[in-house]
Amino acid sequence: MNPWIFLIIAGISEIGWAISLKFSEGFTNVLMSITTVIIMVLSLFFLSLALKYIPIGTAYAVWTAIGAVGVAIIGMVFLGETKSMIRIFCIMLVIGGIVGLKISG
């Protein structure tokens, strides 16, 4: 399988555990706490598969960027976080960085 697919799955899992962490309420909600840990492990597992073929600097930057952008968008769309033009512009800068890392080899 393409290592970039593993990296994308890892990044999506990064989004999942960050969101579930919010709903774990400081690890007081047992179900969401368990969900958070499981998704964290999945995220690291898929990141480790991607790291067999993608340089660590690129993979880590893309992994964290997917997580940061995804959580920011979910926060704005579903959790009532501020939707300002500067925030959206900064998210676009991060996405541009991900694309740049991908096409730079």
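- With an unreviewed UniProt entry as reference, the chain is termed Putative transporter protein, source organism Methanobrevibacter arboriphilus JCM 13429 = DSM 1125.
- Taken directly from UniProt, the Subcellular location (unreviewed entry) text for the chain runs: "Cell membrane".

1. Focus: the environment of Ser 84
Item 1. Topologically, Ser 84 is positioned in the loop between helix 3 (56-78) and helix 4 (85-103).
Item 2. A sequence separation of 82 residues divides Ser 84 from Asn 2, and the C-alpha atoms of the two residues are 36 Å apart.
Item 3. Looking at Ser 84, its side chain comes within polar contact range of the main-chain nitrogen of Arg 87, at 3.2 Å.

2. Examining helix 2 (residues 30-50)
Item 1. Its 21 residues give helix 2 an end-to-end C-alpha distance of 31 Å, which sits within 8% of 30 Å, the value for a rise of 1.5 Å per residue.
Item 2. Of the residues making up helix 2, those classed as buried are Ser 33, Thr 36, Ser 43, Phe 46, Leu 47, Leu 49 and Ala 50.
Item 3. Here the buried face of helix 2 lies against helix 1 (3-23) and helix 3.
Item 4. Its side-chain oxygen at 3.3 Å from the backbone nitrogen of Leu 31, Asn 29 defines the N-terminal cap of helix 2.

3. Here we look at the UniProt feature "transmembrane region" (unreviewed entry) in the chain
Item 1. Here the UniProt-annotated "transmembrane region" (unreviewed entry) positions come out as residues 30-51, 58-79 and 85-103.
Item 2. Across residues 30-51, the secondary structure splits into 95% helix and 0% strand, with the terminal C-alpha atoms separated by 32 Å.
Item 3. For residues 58-79, the end-to-end C-alpha separation is 30 Å, with 95% helix and 0% strand making up the annotated structure.

Thresholds applied
- Residues numbered from 1 in each chain as written.
- Predicted model: local features only at pLDDT ≥ 70, side-chain atom pairs only at ≥ 80, totals over all residues.
- Heavy atoms only, no water.
- UniProt positions renumbered as here; feature names shortened; annotations may be inferred.
- Helix = DSSP H or I, 4+ residues; strand = E, 2+ residues; numbered from the N terminus.
- Polar contact = N/O pair within 3.5 Å; in protein donor to acceptor, adjacent residues only side chain to side chain.
- Expected span 1.5 Å × (residues − 1).
- Buried < 20%, exposed > 50% of the residue type's maximum accessible area, 1.4 Å probe, protein only.
- Contact = heavy atoms within 4.5 Å.

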